[in-house]
Structures are given as structure tokens and as C-alpha cells.
Amino acid sequence: MQGKPARQQAVFLPERHCMPEENKGPEPVSPSPEGAKAPAETSPQVKSDTPAAKTAPATAAKTEEAKPTAAKAGEGAKPTAPATPKPAVPAAAKAAPAKPAGPVPEPWKCELVESLRKQYGSGIREASTYVGQKYLVVDSGITFEVLRRMRDDENYDYCVDITAVHWPKREQPFDLIYILYSFPQNERVRIKTQIAEGQPMQSAVNLWPTANWLEREVFDMFGIVFEGHPDLKRILLPDGWHGHPLRKDYNILQQDQEWVHINLGIESAQ
Amino acid sequence: MSDGKFNRPDLLDLDTKEETFLDTTEMVLNMGPQHPSTHGVLRVILKLDGEKVLGTECIIGYLHRGVEKIAENRTYAMFNPYVDRMDYVAAVSNGLGYCEAVEKLLAVEAPPRAQYIRVLMTELCRIASHQVWLGTHALDIGALTPVFYAFRDREEILKIFEKYCGARLTTHAFRIGGCIYETYEGFEQDVKVFCEKFLPKLDEYEELLTTNRIWVGRTKGVGILAAEDCIALGVTGPVLRASGVEWDLRKKQPYEAYSKFQFDIPTGLNGDTYDRYLVRIQEMRQSVRILQQAIEDIPSGPIMAKVPKVIKPALGEVYHSIEAPKGELGYYIVSDGSTQPYRVRVRPPSFVNLQALDKMVHGMLVADVVAVIGTLDIVLGEVDR
């Protein structure tokens, strides 16, 4: 307990999220959409990005390990473009035994994807599997339609989770992820969409009542607004709180000083 | 009361009673957050008509510690102990889910011996978790004895945990890539002895409750949740199975060594509190079956896969879920290729299951709210994270 500041320095790494623009490079969320379009510029940027991103003292010594891994990820992004998973195999096989070979997203081909593509065209931006897990990236405008279709026609009757990821440098900074499961088919699929700051999404509560609290949590943590939600308010944080903690620009030590002062009668809750 | 009506139950007319004693105005009552039957700091706002519940609203977040935010500021290995603090009565399951999710991201698999150790520990943990549920649930309803029995026998499991990894509750038993601790000398014997002794103890619990008139009266037909409601509300685990859906991730999407064991998925018929009680009791029996099989064929060999010292998964994201004692516990991890996870989302079974409370207690009595909170088996550390 002796060195509280020292402990903070050792473990809290807030600067990680304040990296300069060029370090952030391409958004790594779904390796393929950007990676598939411009594989040539993806891989070098990833390479230069990773060592620079190092802030943890423990990892600094291991910088050289980072390069091959990142390079492999970059290599992995290339073969996805021609839609043949074959080139990915040697990349995985090349991996030194001690190092994790970066798995590569592979195109997901099935009737469902075909018919979705037929109906929505380019609205279905990507259909891939990554380490055997299926996901669709769809336009935000048709997300609700796709969700409804998944529930009604494809038997995805159980909404496992709704969550979001914040990519502050991106034009549409939020990934919204719906994880669906089908009891009859025993299959899980993720529907992802990208939305802009302040862009409202249609609530899925009418499709799955479980979305109620899940969407409230996304609203609480990210500030994403769901239209048509019966009771959209904060769920884990108190009602009067300012800020959305799981956004990347919300520092881990940050808090709503005013709220803490008024409601707890103390200067700081840290 | 002075007219002696209560001595003649056959004369008691509930409808006129309500008119005489209670006006029909709605009353709003706060239950918790400091209420022993809410199992932590859950606040339920009850809208009542007399003793009848018209609606509920759960206020949660009192235990919010920002686990998901912490994850983004820790390395993969450093975050591992934190997950134990979510569902603190089933810490081993939390750790298993997290380690497996990261392993999936790294494309490594724990060696067979580690998988068996993991199964053994997780099943012991499932029994321990169900014992906490049984004791507290029965205590809430007014049966005082089971809590002493359940906690007495749970102690044996905690002793095994302590011998194995030094901790009783927040165990941090597993590491990414396998287990860090080899089993101690006499571990097999301890588990065998526990299984032998525990089965008759389970019968003891059942003797106390299963045919107990008060217990049956307080649980049968209380908090009914139909299978389609369960699915619509995303409810999983024993609550879903008690509604008659035979769904267990250990069978449906086997992880670790679970595909090698023979066990059944107990299901209920009516989806009421009594069925959920029976399902959990049966689950403990099935866990003992798994333990007995696992301890017989536990292979020898390494317990740790080859995992780099510095864990740096490639760009990508993964969702992995396991069957925790409370239901589907999922981890959605996004890696940006650095040493720290870019995002860790925990899909907590308690949080999602608690949402069903309103549906389950609608039109029931206040006393049933206590029974239903108990039967949902929530842990507020996991609800609030």
C-alpha cells in the first residue's frame, strides 16, 4: 500500500487511448472491410503502429515479438480480398510454435448470406467467419430489418447480447454488435453495424424483450440512443451522471466530480 | 380479528376481506437496497395493490465497479483475477470463461490434463454455487436448517480449492493456456471422498425440503416462467431448463473436456420456483457424476499450453460463452493487436436473468417476490460488474 502513485503509474495506462492520429492507423475492428479494400496500406501501418503503442514497461522488452505477429495479421488481411481462404493456410502454418498465429477471417458462404445479399445488396458489407464464429457487417439503416429477418425467418430466437465498441478516430465511431443464437440450429451469429456519433438506432425491444436492459446498458456506457425503447435511461450509473464511461476518451480515473460532490458529499471518490 | 373469524378458515372470504381492510389505492414500496433477501444491494421498487404486486422496477448498479473499463487498461493476464470478483460465489467459472475466450483469440488450446483439472474445479464450483443458492433461498422462504447443512458441505469444496490454489473464493485458479497449479498430493482422494459423502447429504437436503408442505406451498406455482418467455427474455441456465428447455452449453457447444463425460440435463415441467429447485438439486447430482468420471480418467501430461509470456493476440474479436452455474456467461473480446484488450464485454447471466423478475412476480404476493429473487439465483457482483 506504500506507493499509491507508483502503483497507478505502473498499471493505469491512460495515454494508450490518447495516441496521436497516425499511430492509430486503420481501425482494426473488422480486419477485412478496410483490409480487403486496401491491403497494401494496411499491413505496413499495422507494423509501425504496434511497437509505438507500447507503453507497458513489462512489454517494452518484448517489442521484437510484436512485429512478426502484426505482420502476420497484415498478411492475413490480404488473402481475404480474393475471397479464397487458401493463401491463409500457409500463413498459419508458418507460425513459429511459440507464437500465436493470427487467425484470419474467412468468407462465410451459405444460403442465408446469399439471400440477404440478394435482398439488401451492398447493405450487407461483409459476411465472414473468424475462428469459426460467424458475423455479418451490415449498414446501420437496414440493421433492424436484418435483425427482424433473422428472428422471424431464420429462427434466431434468442438475443444473447447487445454491446458496442468505441473507435474514436473513425468517421462512424461506434460498432454496435448484436449477438444472436438460434435454438433450433444451435448456432450463434454476430450482426455488427457502424454508427455515427448521435445517430439513433431503432430499438430491438419489440423483437426481443431482453434487449431492454441490454440497450439501456449500451446507452449508459456509450451514449448510443435507441429509438422506440420504452424506458431508455441509465441502468448501472446513477441517473444524474454526466459522461459515458466506456467511451475511449473517458479516462479510467475520470468521474463526474459534480455528482460525487453533491450526492456523496466528498471531493473525490478515488 | 376479534370476531373469531380466523379460527374458522372456512368462513374466511378473501374478497370481502380486501374490501374491508384495504382500500384499493396503489402503494409504492421500496425493497432494498439494504434488504437481506435481495442477496446484496438490489433495490426493487414495488407497486402494490394491497399485498398484490402490480409491477416492479429493479434499480441496480450499486456494486458497479467498471470491470469492463478496467479490462481495457490491463493486460490480458492482469485482468484475469478481476473476473473472479463478478460472480464471487462461482469465481472458478468466471475465470474459465475468460481464459477460454482469450485462448480462442490466441488459437491455443489447453492440454488434456489441464482440461480435466478445469472440469473438476468448475464442477466443484457449480456445486458450491448451488449450495449457496439453496441455503440462502431456503432461508429467505423461512426454512432455517438447510443453510447450515449447505454451508457445512460447501466448506469441503472450499477446502479443496484452498489446497489447490490457496484461495477459497476468488480463486484465480486458471491461467490463459491452461492451469498454473498441478493438483496437490491427495487431490484425487479428496474429490472422491467428497463425492461419496456428498450424495447422501443431497438426500438430506431433499428430505428437508422436497416434500415439505411449507416448502411446496411457498414454491409450487410461484413465479412461473414459460419456455417462450424465457427465450424472449434471454433467460438461461437452470431457470430456462426448469421451464422445460433442454439446453446446456456443456452439451450443445461442448468446451474443455465436457464431450467426454456422460451426464444428463435435468429439466422441469412447469417453470415454477419448485421446478427450479428440483432442477438445481438434480444438477448437483449430475455434477457429482461428472466429477466421478473425470477423476477416474484424468490423464497425465503438461498442464500449460505454449503461450507467449506477453500475450498479444492478433487483430480480431471473439465471443465465447460457457455454462456458468447461473446461465450463459459470455465474453466478447476485441483485440487491437496490443497487449491490452481493446474491449472486453461480459455477458452476465445474472443481469439478464434478473430482467425476468417483473414478469415472474406480476400479480403475485410480496412474499413471493422474495422467493422469486431467491430462485433466480442472482449475484449482484455480476449484475452490476
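Conventions and cut-offs
- Residues numbered from 1 in each chain as written.
- Chains lettered and ligands numbered in written order.
- Predicted model: local features only at pLDDT ≥ 70, side-chain atom pairs only at ≥ 80, totals over all residues.
- Pairing = 2+ DSSP bridges.
- Helix = DSSP H or I, 4+ residues; strand = E, 2+ residues; numbered from the N terminus.
- Contact = placed C-beta atoms within 7 Å.
- Axes fitted to C-alpha atoms, helices over the stretch in contact; angles between N-to-C directions.
- pLDDT = per-residue confidence, 0-100.
- Core = buried A, V, L, I, M, F, W, Y, C linked by C-beta atoms within 7 Å.
- Buried ≥ 20, exposed ≤ 12 C-beta atoms within 10 Å, placed from the backbone.
- Parallel < 35°, antiparallel > 145°, perpendicular 65-115°, else oblique.
- Left-handed = near helix turned anticlockwise from the far one by under 90°.

## Examining the pairing of strand 2 (residues 43-49) of chain B
Moving residue by residue along a regular strand, the side chains alternate between the two faces of the sheet.
Residue and element names in this part refer to chain B.
Alright, step 1. In terms of strand pairing, strand 1 (residues 27-31) meets strand 2 through 5 bridges, oriented antiparallel. Within strand 2, the residue paired with Met-27 across the bridge is Leu-48.
Alright, step 2. Bridge analysis of strand 2 against strand 3 (residues 52-59) gives 7 bridges, and the strand direction is antiparallel. Looking at the pairing, Val-44 lines up with Cys-58 of strand 3.
Alright, step 3. Adjacent in sequence and paired antiparallel, strand 2 and strand 3 are bridged by 2 residues, among which Gly-50 carries a positive phi angle near 65 degrees.

## Topic: the sheet that holds strand 2 (residues 124-130) of chain A
Residue and element names in this part refer to chain A.
Alright, step 1. Strand order in the open sheet formed by 6 strands is 1-2-3-6-5-4, with mixed pairing between adjacent strands. In the strand order of this sheet, the two ends are held by strand 1 (106-107) and strand 4 (158-166), each with one partner.
Alright, step 2. Here strand 3 (residues 133-138) pairs with strand 6 (residues 187-195) via 5 bridges, running parallel. Paired with Tyr-135 across the strands is Arg-190, a residue of strand 6.
Alright, step 3. Packing against the sheet, helix 9 (residues 143-152) makes contact with strand 3, strand 5 (174-182) and strand 6, and its axis sits at approximately 170 degrees to strand 6.

## Overview of the confidence of the model for chain B
Residues and elements named next belong to chain B.
Alright, step 1. This prediction gives chain B a mean pLDDT of 86; 94% of its residues lie at or above 70.
Alright, step 2. The low-confidence segment residues 1-21 (pLDDT under 50) makes 5 contacts with residues lying over four places distant or belonging to another chain.
Alright, step 3. Scoring the predicted complex yields pTM 0.76 and, for the interface, ipTM 0.83.

## Focus on the nonpolar core
When a protein is soluble and globular, its nonpolar side chains tend to lie buried together.
Alright, step 1. With 159 residues, the main nonpolar core has Leu180(A), Ile224(A), Val102(B) and Leu120(B) as its most contacted residues.
Alright, step 2. A per-element tally of this core places helix 5 (residues 112-141) of chain B first, with 15 residues.
Alright, step 3. Here Val102(B) is in contact with Tyr76(B), Ile176(B), Ile311(B) and Ile333(B), once residues within four sequence places are set aside.

## Section: the pairing of strand 7 (residues 327-335) of chain B
All names here are of chain B.
Alright, step 1. With respect to burial, strand 7 is a largely interior element, 9 of its 9 residues being buried.
Alright, step 2. Direction of pairing for strand 6 (residues 316-324) relative to strand 7: antiparallel, over a ladder of 9 bridges. Bridge pairing in strand 7 links Gly-316 to Ser-335.
Alright, step 3. Linking two consecutive strands that pair antiparallel, namely strand 6 and strand 7, is a turn of 2 residues.
Alright, step 4. Here 6 bridges tie strand 7 to strand 8 (residues 341-347), and the two strands are oriented antiparallel to one another. Looking across to strand 8, one finds that Tyr-331 is bridged to Val-346.

## Some words on the confidence of the model for chain A
Alright, step 1. On average, residues of chain A score 69 in pLDDT, and 61% of them reach the 70 mark or higher.
Alright, step 2. Confidence drops under a pLDDT of 50 for residues 1-100 of chain A, and excluding neighbours within four residues, the segment shows 140 contacts in the predicted structure.

## Regarding unusual backbone geometry
All names here are of chain B.
Alright, step 1. The phi angle at His-172 is positive, at roughly 50 degrees, despite the residue not being glycine.
Alright, step 2. When you line up the elements, His-172 lands in the loop between helix 6 (145-165) and strand 4 (174-175).
Alright, step 3. Classification of His-172 as partly exposed rests on a count of 18 C-beta atoms within 10 Å.
Alright, step 4. With a phi close to 50 degrees, Arg-385 is a non-glycine residue in the positive phi region.
Alright, step 5. When you line up the elements, Arg-385 lands in the segment after helix 16 (380-384).

## Let's talk about the packing of helix 5 of chain B against helix 12 (residues 273-296) of chain B
All names here are of chain B.
Alright, step 1. In the contact formed by helix 5 and helix 12, the axes pass within 9 Å of each other and the chain directions differ by 155 degrees. Classified by the interaxial angle, the pair formed by helix 5 and helix 12 is roughly antiparallel. Where helix 5 crosses over helix 12, the handedness of that crossing is left-handed. Side by side, helix 5 and helix 12 meet where Tyr-116, Val-119, Leu-120, Glu-123, Leu-124, Arg-126, Ile-127, His-130 and Trp-133 of the first sit next to Arg-280, Glu-283, Met-284, Ser-287, Ile-290, Leu-291, Ala-294 and Ile-295 of the second.

## Topic: the sheet that holds strand 6 of chain B
Residues and elements named next belong to chain B.
Alright, step 1. Read across the sheet, 3 strands follow the order 6-7-8 without closing on themselves; strand pairing throughout is antiparallel. Every other strand in the sheet has two partners, leaving strand 6 and strand 8 as the edge strands with one partner each. Ignoring strand direction, the axes of neighbouring strands in this sheet form an average angle of 15 degrees.
Alright, step 2. Contacting strand 6 and strand 7, helix 4 (residues 91-106) runs over the sheet at an angle of about 150 degrees to strand 6.

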